[in-house]
Structures are given as C-alpha cells and as structure tokens.
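Observations on chain architecture
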4 protein chains.
Amino acid sequence: MNPVTQVPPSFKIPTSMKAWVLGDPDQLTFVDKPVPEPGLAEVLVRIDAIAVCATDLEIIHRGPPALIQGGLPFNKNFTPGHEYMGTVVKLGPNIDEYQVGDRVTVEVHAGCGRCERCREGMYTACLNYGKNYGGMNKGHRANGFTTDGGFAQYAINNINTLAPVPQDMSDAEATLIVTAGTAMYGLDVIGGLVAGQSVVIMGPGPIGLMGVGVAKALGASEVILIGTRDNRLEIGRQLGADYTVNVSNENAVEKVREYTHGGAHYVLECSGAPNAVNDAALMLRRGGRICLAAFPQEPVLIDVAALVRNNIYLFGIRGEGKGATHRAAALMAQKRFNAKLIHTHTFALEELPTALRYARERIEDAIKVVVKMTHPEGC
Amino acid sequence: MNPVTQVPPSFKIPTSMKAWVLGDPDQLTFVDKPVPEPGLAEVLVRIDAIAVCATDLEIIHRGPPALIQGGLPFNKNFTPGHEYMGTVVKLGPNIDEYQVGDRVTVEVHAGCGRCERCREGMYTACLNYGKNYGGMNKGHRANGFTTDGGFAQYAINNINTLAPVPQDMSDAEATLIVTAGTAMYGLDVIGGLVAGQSVVIMGPGPIGLMGVGVAKALGASEVILIGTRDNRLEIGRQLGADYTVNVSNENAVEKVREYTHGGAHYVLECSGAPNAVNDAALMLRRGGRICLAAFPQEPVLIDVAALVRNNIYLFGIRGEGKGATHRAAALMAQKRFNAKLIHTHTFALEELPTALRYARERIEDAIKVVVKMTHPEGC
Amino acid sequence: MNPVTQVPPSFKIPTSMKAWVLGDPDQLTFVDKPVPEPGLAEVLVRIDAIAVCATDLEIIHRGPPALIQGGLPFNKNFTPGHEYMGTVVKLGPNIDEYQVGDRVTVEVHAGCGRCERCREGMYTACLNYGKNYGGMNKGHRANGFTTDGGFAQYAINNINTLAPVPQDMSDAEATLIVTAGTAMYGLDVIGGLVAGQSVVIMGPGPIGLMGVGVAKALGASEVILIGTRDNRLEIGRQLGADYTVNVSNENAVEKVREYTHGGAHYVLECSGAPNAVNDAALMLRRGGRICLAAFPQEPVLIDVAALVRNNIYLFGIRGEGKGATHRAAALMAQKRFNAKLIHTHTFALEELPTALRYARERIEDAIKVVVKMTHPEGC
Amino acid sequence: MNPVTQVPPSFKIPTSMKAWVLGDPDQLTFVDKPVPEPGLAEVLVRIDAIAVCATDLEIIHRGPPALIQGGLPFNKNFTPGHEYMGTVVKLGPNIDEYQVGDRVTVEVHAGCGRCERCREGMYTACLNYGKNYGGMNKGHRANGFTTDGGFAQYAINNINTLAPVPQDMSDAEATLIVTAGTAMYGLDVIGGLVAGQSVVIMGPGPIGLMGVGVAKALGASEVILIGTRDNRLEIGRQLGADYTVNVSNENAVEKVREYTHGGAHYVLECSGAPNAVNDAALMLRRGGRICLAAFPQEPVLIDVAALVRNNIYLFGIRGEGKGATHRAAALMAQKRFNAKLIHTHTFALEELPTALRYARERIEDAIKVVVKMTHPEGC
C-alpha cells in the first residue's frame, strides 16, 4: 500500500490556517484557525481538493442528519466539509502505514474501535457516534459531521480513514472516490451484488451516477438508471448504464420489469422520493434488495405486505464503510469508469459560498462542484 | 437421519379418503377424494395431526396472501391446511431418505429446484411459486396454499419438505415444529442471531411464543416479549422470556431500551400492528435487525429516515426455509423449550369447522388448536 | 435471460448420432449411438464445440477423480467430455427458461436437488454424486464424469447446467466460459475476493490463466502469476497479470511478499505441485485464503502449524458452482478479458484422438484444444 | 452489560505487586513489580483466579508459538499466563463500559484496530501482532504472549478484551469462559455450526471438552468425542457428548460414519496428532469443515486430494475472537453446560511451579489447574 519514496518530502507547516467555520445556520465565515496536531493513529492532511456534497448543504442549514451528542454544530467554531483529498504532511506517533508526501483521499468515519459494531467491522454504525466532544471522548470521528472537516487548508485524519490516491489521478477526481465508495458499500459490501445480476439506480445524483459506474465495474448485467432529467441520464449512459428511464414520460416499474425479464436483483435508491420504496418493491424479483442511500424527511406510506410477500431486504447506508473506499479506489485506479464525467465546476477555497450556491441551486446543471486549494511551494 | 427399522411396517392404503375442500369463500365441505399417488421425489403421508394457523383462516376466507398463478383457490376442490405431521405410508420411485413407517413433520414449500432462488438455497422465495397447475408445472408445491394441504387423511409431500419427528414427541407437539422453524428461520438463518444478543418479540401469537423459546435456546441474553394480554405474556415467561411488557400499561420502547442497556439487537415482529416497524426501529441499537413475520394489510406510515440513520436491516419471511425446520426439530428433540405450552385445544377431523372457530375467535383463549386424526389399525 | 425469438427455429433431429465411447482405459471408439430424449427439466443440446480438459485425459486413462457409485466408466458405452457449448434443439416438458435455437454453454454438475448440500445451493458438493445409474437414480448428473458427455453430436442437459452464450461470442470462446467459471467460483463465490485485494495464481494452465482474467475483472489490485514457462507467463500478462514470476530463476515467495507489501490475500493453486500448499502459506498475509483447483495424487508433507498460526483458510473446489458460470459469462459478455488467448488449436470431431494427443503432450505448446462440430443445414 | 452499582466500591491499589517473571527458559522467579497504570481504553484488573493452559507451558519452555517482533520473551521481566479473571479496580480515561468493582474475564487479544484484519473484525489475526514493544507500538496486546499476563496480582487490559462474569459464577469457573470461547469461535463464528448438525471433537483436553459443551448448547444433533483415556471420555459424556470413541480399541472413522449416518458436518481437532487432518477428512461428509485448534510441530503427510474431492474446508484458529468469549459467557451464564467438571486442582499464586507441574505431568489426571489469588480486604 505504501509506495517507497526514496526521500520523503518535508513540508513547512504553518501554525495557523484559513478555514471556513459555521456560526448560526447558513452563516459561514472565513477565519484563521490553528493548524491541529495529529495524535495517536492520526496524520495531518493538507487538503488539496474537496467536493461539495448535498449533506454539506444540510449540515450548514440544519445540522447533521443524525443526533450529535453534545448538540448541533452551530456557533462552535466547527468546519464542515467531508469529501476531500490531500497530502499527508505530518505523522502522529508510531505511524508507518503512510509517509509524509503520500496523496490520500479520506472516508468520513473513524469508529471508536471499542463498541460492538466497530469490533464487527461495521464502523459506520459505531455505537459511540459523535462521542468526541466534552467529557467523554471515545475517539469516534466523523470529519465534517462531528469533528472538523475539509473546508479548510488542513485537517486531522485517523489513519483508518485514509485510502491512497493513484499516481495518475487528478485531485478533483480523487475527491469522488468516497462517493463511489458509498455506492460500492451499498451494492457490494452490504448488498452482495455479483456479476451477472441486474441493478436499478433511482436518482441520477452523484451517488447514483457513481453507482452506475460501480455496478457495471462489478459486472452487473443490466444497469438501469431512472431519473427526470435527460442530460443526467445521458451521463449515466456514458458511465455504463444499459438503459435509462425518464419517469416524466415512461412507467419505470414496467420498463424495469421488461428490461430485466421479470424483475431486478437490486435497487440502489438515491432519489429520496416519497414513493421510492414502494416502486422499488414492484421493480424487484422475489428475494431482491433495496439499498437506501437517500430518504424522505417525513414518514411515508409503505406497503409492508409487498416487502414481506416478496422476501425483499431493505437496508440503509450512512456513507461508505468496511473498506469500500479502498475497493472503489482500486476500480478507479484501473479506470473502470470515468468518474470525471460528474465533476462539472471548480472554485477556489475563498469562493466556497459560490460553490455551495452552485451545488444547492444546480446552477448550470452542476453535479459535483469541487473546491481546489492552492498551497505555497513546500507547504 | 433415517433410523434403521428392522421390518418396515406396511400400510393398507385406501383408494379414497375423507378431506375438507373449499367451495366459495368460507365454505368448507367434508368429502371423499381419491388418495393421491406419490411421484418422483415424493412420498404419501398419512396425516396424524394438523394445527390451525392464522393463515389457514385467511386462505379459507380470502385466498392465499400471495398471488397464485391460475387464480384463487375457491371452487377448485382445494384442500387447505399446512401445519401437519404424520406417517410415511408409501414411497415414490428412488426414495431412500425415508422409509414407510417414519413419523415426519412437514414444511410448506418445495421449491422448483431450477430457478435462481432455489439454486441459492432460498427455496421459500422460489420464482416459480404457484406453478403447479395448468399448462406449466414447474414442480413448485406449497401444500395448503397452492397444492392440496392437510385437512384430510392423506397428502403428497416432496421429500425436501419432510423432517423426522423424534420418537418420544407427541403428534400434537410435532405439528408445532414448523411454527418454531419459522421463528428459527427469521432469527437464525436470515437474522444471524448469536448467543449473548438481545431479542424483542412483538406479539405473543404462536410464532412469537415459539420465537421466545427459539431465541433462548440459541442463547439470547435478554428476550423481551411484548403484548397486550397478561396470560399470553405469562406463557412467554414459561417459555423463557426474561422480561415481558404489556403495552396496555407500559411504554414498550422505553422498557426495551432499559432492559437492553440502550437498544436490542433484533426485533421479531409478529403483531402486524400498523406502527410496529416504527416502534421496532426505536427499540433497536444501531445496526439492529427487524424480521417481519406479520404485516398490516394496508400501507402504513414509516419513518424511513430512522431506518437509514440507524443502519437498520428490515426483512420479511414467508414461513420457514433453508433447513430451519430441521434446526427447530433438533432443538425440540433436545427439549430446549416446551412447545406444548401453546397447544390449547384438540378436535377431530370431522370437527374442523369448530376447530377453525376456536382459532378464529380465540375461544377459551385458544392459541394452537390441533386437529387429531384417528386411523383404523394398519391404515 | 431468454431473448424473444420471433419464430423459434426448428431442427431436424436424427435418431442416431456419432459419438466417441470409452472401452478399456485409453480406448476410444467412434460409434453410432441413439440421440437421447430430454426428460423433466432437461433439454437436448446439439454440440457445436467442445474443449479438451486435463480431467478428460484422466478419465479416459484412469476413470473419474472421484468415486463413482457403480464402478468405473470403462466398457460401459460411456461418452466423455464436459467443456462444451451448443444449441438447444429440443425441450423436455414444461421448459420455458430456454427456447429451441438458444446458444448455450454448460456446467458439469446438476445436483440431485434433494440432499442437504443441494438445498444449501452447494450443488457441486451434492451428496448423491454419481447416483444416476442402476437401481437408485437420484437425478444427479455430471456430464462427462458420470453421465454421457460432449464428445458426440448431441447431449442431454439439465436446465440448471445451462448458461446463455452472448450473441457475438464465437463457439470456441464459449467453451471457455466454464473454465473461467471455475476460477470465478474459487475466487469470488467461495473465496470472497473483493476489489483491491491481491491474488497469486500458481500454475498458468487454462484455469490459472482464466483466473488471471477473472481476478483482474473483479478488481484485484495485484495479480501475480507464477509458472515455469515464459510464453505461458506472457499470455498471463496479456490477460492482465500485473506481475509474473518464473520459479526457474526467481524465488516466488520472496517476490510475492515484495509485490504485495507483506503477503497476498489469496492464492489460487492450479499447479498440483507437492510443495504448493506450503509455499502458498508463506506467500499469504495473516487471514489469507488458499483455493485448491489442483492437487497432487499422493499425500504430501504440509506444515499445518504455519496454516494455524497465520489463520489461513484452505478449501478445494470441484469445478464451478453456485451460479459462477453465469457470472463468468456475464464478465466475458462484457469483454473484460480476452479468453480467446488460451485457445490454441482446433480439430474436427473425428480427429478427437489427435486433439487429445495435442492436449496431453502439449504439442506446439497447446493450451486449450477445441473440437469444433459441423452439422448439416437445419440439424 | 454494565450492571448498575449503587455505590461503586473503591479499592486501595498498592504501588507494587507480586508477580512471576520469566528468566531463561523454564526459570520463573517470584518478584515484586510495579502495579501498571491503565491508559486509553484500558483498565487495571485485580486478578482473582487464573487457569494454566498448555500454551503457558510452551511459552515458559520455548517462547510463544508465533513469531514475536522483537524477540523471545526470556529475560525480559515478562509475566506469562493468559486464562484469568478478576475485578476491575481502576479505569483509564473515558471508560464508561465498565465500572470499578465489576467482575470480568479476559480474552487474550486486543487488536491494533488499524490493520485490515482488525477493521474486518478479525482481531485475532491482527497484522500488527506483537507490535507493542520497542520503537513501533501499534497498540496490539496479547496478554501472556507479547504483553504481561496474569501470573501476578494485577494486569492491564484493553476494554475490548473484557467480558462480564455472571454474578453467581465462581472465580474458578469464570477462568474457563475463554476456553469455551475458543471452542465457540471455531464452531460457531468461523465454522457456522447450526442446530441439528453433527460434530466430532478430537482430543478431550480442555478446549475439546468445552467444545463438547458448546456444540451441544448450540443444538448439535450428534456430538462424538474421540480420545484415548476413558475417564476423560466419561467427563465428555457428562458435558453432553452423545457418543465417545476410544481409539485404543475402536476405529474412529468407522464409528463416526456410523453414528452420523454417512459422515459428520464438523471436526474440531484438539489433539495435535499427526494423522488428525487425514482422519478428519474421512470422518466428514462432502462439504464438511475441519477446525484446527491444535497442530503437530512438524510437517505431516496430508492427502490433499481427499480434501479437494470432498469439498472440505480447513481452517485454524488462534484462540477466541469476534466476540466469541461473550457468546460463551452468555451460554455459561445460562448454565447450558457444566464447565466446572474440568476444573480439577487449585493452588495459590506462590505455588505456581507446583501448579504448572500438575498441568504438565497431568498429575492425578489434572485437566484444568487453577491458581486462586487472595487479596487483603479492600485491595
């Protein structure tokens, strides 16, 4: 994993850095903050690029989607942002997994390592989620959710959250590894997709589009992308979708049942639409699986009987997990799909509010908006 | 499996038998029917006892809960009933797994053996469910659902549906093996319950009560039974429940979280209550599992976000599967729990309408109502 | 799965066919045999191409590698050969999974469907292996091993053994799907290989070389092929191997540990070399897996302590299983690796002895020798 | 998990303690050592009882069975002993999983939490095994192997190694939980044993005898214990073995095949006999599994072909793992088997050399020899 660097470069690390911090909801300020120090099992990452995720917009507006022990993130000097990549510039004690100078991309979650879930390898379901503030620091980190994230020049990362970036991959593309890792986690790690099975992707957002690429790379036979915008569906076809369905003028359930000769094996739901679970149940063959990567905010009417009668499994994911990011990085290093197709816009760190606006309002049909850092020579 | 019988007994099999058949909904007639002949991989079972299941009441009133290829079962000379046990009295060609004279209990489903699901061992999710009538017989059987069942003197069974009955187990108790097998399937085979984990059972009906016994036999640490009737909850305690909660006067979510120190590992839902999935989600710790053995007829409001945020897995089961009946039989042969506690009433075959009424109306707090056959010497 | 053919073609099926049959060991005769009739869940396949496998040479010389109930295959009018593909020309009763005219490739094993292993989906470990002759026909088939195989113009196949051949794939390439399926079974289905892990392939024979292609198609990060002949290793590189090691002049254990930064995740052993298991144990990281697709005929000295101390899992495979052929077909349909690279020679059916000699003696460095049939128009 | 103690007791912890330390091989000295301080995720355990394991004798004589980074344990002030239980007397920072006063038993391994295996939950196969000395402390602990163990008054334990001791279980019995946990790990966690399957235990040592109890508690149908000493086999029967075979006067392979009607599902090999793997392969049905809990020191002749032809899985275990200790504790708390049957002798800490001699020479047929501590009031 750790490529031998003849002479590891050294970096001049400043004592303070530029970072965006969250005040009241929707209020971001560009401030100077101390550069943090890596502790046990941690490294300091110089952030080179960070993508904007829909969840970032949520957090900035409402707080994180899960309960945080110790309250919401407002007015706590908190730096959001989680889809970043960068360069290892300083090692905590006893690190030999990575060297200074390694390019890395990062997962969100570092489990506590001591709860039942972490000990099973399910660290994204860590029972000590959020316990890193206040009186009871269990070592859990969710950068950009409960610990400082990546809309800044530097960030601390547990080494369990790092995955190496292939040499010839651009910074911007590397920010998409975790997005692909989320799709990988749902389809492969939890879902058990095997080559030759059929996959429906609902919702051509970033996770959905990466899901198309991952599903094809894993050998899915028919991949069907469902959405409402033809240009998004076209990108899906370029990423490998065998079929696309525009629900504005086609019946998605009927089309899926036709294309899959009676029902699909998997649905990766990325739309959050109120009727998505019911539609998915009708699209699946008996014993099929629904992975929820998105969900409606309010309770919705669900035909539970249809799930039971058809032996359907339903599960939700909270981002990547169980090494899925490493798997996604491996497939992207082998150029199995062209993640760059979903990178549409680039801004500088100081332009973050504009970047967020492009992402929120989908200006110029923005899909992935990337913030690209510049660092002085040797820093 | 097959105990060596020195001289296998022989049985005088009549050419016609007594059987109940379904006319219009809710119309059962006691008729004479030809005794069927076992084919390839089949045996003829002389039925010695059969329990009444809530699903039997459904089928007699409305037809089976899943779509049947070829229409509903009314006015087709169909014999319902599926929770039966008996004696093998005749073998089809090339059978050496069982001998004439063996006492057996039966699973409902014999998969087609040729669809994708059967080839994975998931024969209860067979893609050719119901295909045994009319022009396309794929060999699927679901006795009492899509093929003739056990409210009769004899029935044909695929050998894959048989499990041996321990020598010292009564006929009536043996009819409960499949009920326990259903709980086993949900908790162990699909759910992956391990010793030391905590289990909530919602609804103290037959599957729920057998679920209590199975969960404790598998080494569950805390088993919590939830219901509304104190006498049922008391039977649950006798079957091994560590705690019971009467929702008429206690808050089940709070009690479960208290008894399990923060949330249970599993919920086996057997109540069909509209809010059961939402309650279950609140009772579980992160990464917990909900197995649906019952469900509401109508769509219900579900807080999907709660499922996703807590990494909860939801799955439904259609009766037993994957050898679960054999596992349940093994535990019951070892007397790990006293299934007989739920057998409350016994009737003769000709009294079936009364038996059904006791089960439907829960007369004298009936739980399992068993119909016990008598056969002339040597038949 | 089943492409809609407007007018399914009809085939004129003769009553007798040409077939090779085995007399004494090593004695093959080209005879006329009746064309067999498909039974329940069976089709008649017109054989279009068949590859020669090393196991065929074994069977013709010594009998099958596993015990056959009912004795060895000599002088029983037995037709060997199992790596074939062809065209469905006649359907048994109640078949709608395939149509007359469909091009198919075939797995060896059709499980009995009624033993414990088949019911788990592990039909290649069927407990009724070989029970299709004599007094106890349990329906198990292993064409070319215990039932008539493919060195003939026609063969009967259980529909569970069929996989569709992609439209634009040649007959010769389609015979290699099962070889790739065997590698797929070992690496993916049993082994659980995931993208980003490292794989060592020992022995660049057909299964080993297909293993290289499959491992890369599944996203393996480093695939290392080990052998003794540089031209075979070169084909491995063309199929995607990242590294090759010629054990004649390199230390394989050292090289693997270097290339994998401390030890590989998997070894697929296809060499049958006496020290292969011990070498594999030294090549693996802790918790690694060894899949044996080949084995020495005689007992060999094994350092069991090394396996235990390093938590190594060891398992053997008998050909493909659990749908692995369908997965391999899916990857080959997507052109993930060029199986044709291992097809080196082609002969006509009547030239079978020459084909076998090429395969046995590796004449002109033969890898896969294919026998290609010609059929009169409309037959 | 954490019983609410109204007023947690406080303990007067001395600054120095009595401990046995290893000088040259086989030289143990009883010395004074500083009482260690618990760090992050650690507690101080006052040792109340410790059993002698065969591996302790190995380590004292030869060093640990696996390579230790940084050399063998001789003359390093190292305290051996790993099968201990005791009382939590001091907490490291941020511990709320346990309280002072809790009785606990301990697993050997605390994984590093940062390698690939730990992140999968396979912490007993941690890739940083032994890395806790010298320049590169990765946090791995294996008390009594690579870090100080339990032949002393106090020891440091990572909280991941703790399991609560049921209130009414004696100290001596609680030392056997980990032994049972090792059998549990092999049979259940790695092996996947389900109720109704058959298990052979080779070798009636402590792990083998606990294996009998665990296998029955998990619902195994036939449990067959194989050994050479009738009194040990008798204890096996008391722990639940359905059959025993004394290989001095019976053919074990034949007996197993007879008792299991054709072959067992599992063999748990605890004898270390040179022919154990070959015998196990002949005792198993197709698809069976061999778990090696013991192994010969030297390479042995193994019939690899028999493993492959019968689809046998072979795997070794290094003590417990993946929560198996908690599962064993749950079953023992429920009194599913009487572990006390294997506890034969008790000594005081200062009598350790005698205790070791009883265990090594099996004086008075010693099985489990326990060292029981006495502590002054309030310490």
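See above for the structure.
It should be emphasised that the depicted structure is a prediction, and the values quoted were computed from it without experimental measurement. (Residues numbered from 1 in each chain as written. Chains lettered and ligands numbered in written order. Predicted model: local features only at pLDDT ≥ 70, side-chain atom pairs only at ≥ 80, totals over all residues. Heavy atoms only, no water.)

**Digging into the overall build of chain A**
Condition: Note on conventions: DSSP H or I runs of at least 4 residues are helices, E runs of at least 2 residues are strands, and numbering of each starts at the N terminus. To get the radius of gyration, use the C-alpha atoms; to get the globule rule, take the number of residues to the power 0.38 and multiply by 2.2 Å. For the exposure calls, accessible area comes from a 1.4 Å probe over protein chains only, and a residue counts as buried if that area is under 20% of its type's maximum, exposed if over 50%, partly exposed in between. We call two residues in contact when some of their heavy atoms are within 4.5 Å. Each accessible area value is a Shrake-Rupley result obtained with a 1.4 Å probe; residue values ignore everything except the protein chains displayed when judging cover.
When helices and strands are tallied, chain A shows 11 helices and 18 strands. Against the globule reference of 21 Å for 379 residues, chain A gives a C-alpha radius of gyration of 20 Å, in line with a compact fold. Considered along the principal axes of its C-alpha atoms, chain A spans approximately 60 × 45 × 40 Å. Counting only residues that meet the buried cut, chain A has 64% of its 379 residues in that class. Within chain A, contacts between residues separated by at least 24 positions form 69% of all contacts whose residues are at least 6 apart in sequence. Carbon together with sulfur atoms contributes 51% to the accessible area of chain A, which is approximately 13100 Å² in total.

**With respect to the interface of chain B and chain C**
Stated precisely, the cut-off is as follows: When two components associate, each loses some accessible surface as probed by a 1.4 Å sphere; the sum of these losses over both components is called the buried area. Salt bridges are counted wherever a side-chain nitrogen of Lys or Arg sits within 4 Å of a carboxyl oxygen of Asp or Glu. In the analysis that follows, any N or O atom pair within 3.5 Å is treated as a polar contact, provided that within protein one partner can donate a hydrogen and the other can accept it, and provided that, for residues neighboring in sequence, both atoms belong to side chains. Charged residues are taken to be Asp, Glu, Lys and Arg, nonpolar residues to be Ala, Val, Leu, Ile, Met, Phe, Trp, Tyr, Cys and Pro, and polar residues to be all remaining types, Gly included.
Listed by partner, the interface residues are 21 residues for chain B and 21 residues for chain C. With both sides pooled, the region where chain B packs onto chain C buries about 1800 Å², and carbon together with sulfur makes up 35% of that total. Its largest share of buried area at the contact with chain C, chain B owes to Asn 94, Arg 114 and Arg 119 of chain B, together 42% of the area lost on that side. In this structure, the connection of chain B to chain C is made through six salt bridges. Among the salt bridges present, the one from Asp 96 of chain C reaches Lys 138 of chain B, with a minimum N-O distance of 2.6 Å. Here chain B and chain C share 16 residue pairs in polar contact (both at pLDDT 80 or more) between them. Split into classes, the residues belonging to the side of chain B that touches chain C amount to six nonpolar, eight polar and seven charged.

**A short note on the pattern of salt bridges**
With the rule as written, the count across this model stands at 84 salt bridges over all chains. For Asp 48 of chain A, the salt bridge identified is with Arg 46 of chain A, shortest N-O distance 2.9 Å. Here the two residues Asp 48 of chain A and Arg 46 of chain A agree in accessibility, since each one is buried. The salt bridge involving Asp 171 of chain B is made with Arg 103 of chain B; its shortest N-O contact spans 2.7 Å. Taken together, the residues Asp 171 of chain B in helix 3 (residues 171–174) and Arg 103 of chain B in strand 5 (residues 103–106) connect sequence positions 68 residues apart. Here the salt bridges do not stand alone but share partners, grouping Asp 96 and Glu 97 of chain A together with Arg 114 and Lys 138 of chain D into one network.

**Regarding the relation of the copies chain A and chain B**
Formally: Fitting of the copies onto one another was done by least squares over C-alpha atoms, counting residues only where both copies have pLDDT of at least 70.
For the match of chain A to chain B, the screw axis carries a shift of 0.0 Å, the RMSD comes to 0.0 Å, and the turn is 180°. The two molecules are tied by a two-fold rotation axis, judged by turn and shift. Proximity to the rotation axis, assessed at the C-alpha, singles out Leu 301 of chain A in chain A; its C-alpha lies 2.1 Å from the axis. Most of the interface of chain A is mirrored in chain B, where 97% of its interface residues again form contacts.

**Focus: the interface of chain A and chain B**
Contact residues are listed per partner, giving 39 residues for chain A and 38 residues for chain B. Summed over both sides, the interface of chain A with chain B buries roughly 3600 Å², with 56% coming from carbon and sulfur. On the chain A side of the interface with chain B, the three residues burying the most area are Arg 286, Val 308 and Arg 309 of chain A, jointly 19% of the side's total. Inspection of the chain A/chain B interface yields two salt bridges. With a shortest N-O distance of 2.8 Å, Arg 285 of chain B and Glu 116 of chain A are connected by a salt bridge. Across the contact surface, chain A and chain B share 11 residue pairs in polar contact (both at pLDDT 80 or more). Of all the secondary structure elements, the ones that give two or more residues to the side of chain A that touches chain B are helix 2 (116–119), strand 14 (284–292), strand 15 (300–302), helix 9 (304–309) and strand 16 (313–316) of chain A. The class makeup of the residues in the side of chain A that touches chain B is 24 nonpolar, eight polar and seven charged.

**Considering the relation of the copies chain B and chain C**
Here the second copy of the chain follows from the first by a rotation about an axis and a shift along it. Superposing chain B onto chain C requires a rotation of 180° together with a translation of 0.0 Å along the rotation axis, leaving an RMSD of 0.0 Å. Taken as a fraction of all interface residues of chain B, those also at the interface in chain C reach 100%, which identifies the copy contact as same-surface.

**What about the packing of aromatic side chains?**
We count it as follows: Aromatic pairs are defined between Phe, Tyr and Trp rings, using the six-membered ring for Trp, whenever the two ring centres lie within 6.5 Å; interplanar angles under 30 degrees are classed as stacked, those over 60 as edge-to-face, and all others as tilted. Placement of a positive charge over a ring is assigned whenever Lys NZ or Arg CZ falls within 6 Å of the ring centre and within 35 degrees of the normal to the ring plane.
Enumeration over the complete set of coordinates arrives at 16 aromatic pairs over all chains. Measuring from centroid to centroid gives 6.1 Å for Tyr 313 of chain C and Phe 315 of chain D, while their planes differ by 25°, and the two rings are stacked. One end of the pair, Tyr 313 of chain C, is in strand 16 (residues 313–316); the other, Phe 315 of chain D, is in strand 16 (residues 313–316), on a second chain. Like Phe 315 of chain D, Tyr 313 of chain C is buried. In this arrangement the basic side chain of Arg 289 of chain B is found over the ring face of Tyr 313 of chain B, its NZ or CZ atom lying 4.5 Å from the centre.

**A look at the pairing of strand 17 (residues 343–348) of chain C**
Regular strands place side chains that alternate from one sheet face to the opposite one. Residue and element names in this part refer to chain C. Worth spelling out the cut-off: A pair of strands is treated as paired once DSSP finds two or more bridges between them. Orient the strands so they point away from the viewer; a crossover is then right-handed if the path from the first strand over the helix to the second runs clockwise.
As paired elements, strand 17 and strand 18 (residues 368–372) share five bridges and run parallel to each other. Within strand 18, the position partnered with Ala 348 by the bridge is Lys 372. Taking the sense of rotation as the criterion, the β-α-β connection linking strand 17, helix 11 (residues 352–361) and strand 18 turns out right-handed.

**Quick look at the sheet that holds strand 14 (residues 284–292) of chain B**
Definition in use: Simply put, an axis is a line fit to the C-alpha atoms, just over the touching stretch for a helix, and the angle between two N-to-C directions goes from 0 to 180 degrees.
Read from one edge of the open sheet, 12 strands run 12(A)-11(A)-10(A)-13(A)-14(A)-16(A)-16(B)-14(B)-13(B)-10(B)-11(B)-12(B), paired in mixed fashion. Each of the sheet's edge strands pairs with one partner strand only, and the pair in question is strand 12 (243–246) of chain A together with strand 12 (243–246) of chain B. In this sheet, neighbouring strand axes are inclined to one another by 15° on average, regardless of whether the strands run parallel or antiparallel. Of the strand pairs in this sheet, strand 10 (residues 199–202) of chain B and strand 11 (residues 223–227) of chain B are connected by four bridges, and their pairing is parallel. Across the sheet, the residue bridging to Met 202 of chain B is Ile 226 of chain B, located in strand 11 of chain B. Sitting on the sheet, helix 5 (residues 206–217) of chain A is in contact with strand 10 (199–202), strand 11 (223–227) and strand 13 (264–269) of chain A, with an inclination near 170° to strand 11 of chain A. Relative to the sheet, helix 5 (residues 206–217) of chain B contacts strand 10, strand 11 and strand 13 (264–269) of chain B, its axis offset from that of strand 11 of chain B by approximately 170°.

**Quick look at the state of the cysteines**
All names here are of chain B. Formally: Any two cysteine sulfur atoms lying within 2.5 Å of each other are counted as a disulfide.
In this structure the tally under the stated criterion is zero disulfides over all chains. For Cys 118, which is in no disulfide, the shortest distance to another cysteine sulfur is to Cys 126 and amounts to 3.8 Å. Cys 112 supplies the cysteine sulfur nearest to Cys 126, a cysteine that is in no disulfide, at a spacing of 3.7 Å.

**Some words on the side chain of Asn 246 of chain D**
All names here are of chain D. Considering the arrangement of structural elements, one finds Asn 246 in strand 12 (residues 243–246). One polar contact links the side chain of Asn 246 to the main-chain carbonyl oxygen of Thr 228, over a distance of 3.2 Å. Not counting chain neighbours up to four residues away, the residues in contact with Asn 246 comprise Gly 227, Thr 228, Arg 229, Asp 230 and Leu 233.

**A look at the environment of Met 85 of chain B**
Residues and elements named next belong to chain B. You can see Met 85 is positioned in strand 4 (residues 83–91). Among the residues examined, Met 85 registers a relative accessible area of 0% and is labelled buried. Separated by 37 residues in the primary sequence, Met 85 and Asp 48 place their C-alpha atoms 6.0 Å from one another. Setting aside residues no more than four positions away along its own chain, Met 85 makes contact with Arg 46, Ile 47, Asp 48, Ala 49, Arg 103, Val 104, Thr 105, Val 165, Asp 171, Ala 174 and Thr 175.

**Side note on the pairing of strand 1 (residues 16–22) of chain A**
Residue and element names in this part refer to chain A. Across the seven residues of strand 1, five count as buried, placing the element largely inside the fold. Across seven bridges, strand 1 lies against strand 2 (residues 28–34) in antiparallel orientation. Following the sheet pairing, Met 17 is matched in strand 2 by Lys 33. Turn length for the strand 1-strand 2 hairpin, with the two strands adjacent in sequence and antiparallel, is five residues, and the turn residue Asp 26 shows positive phi of about 70°.

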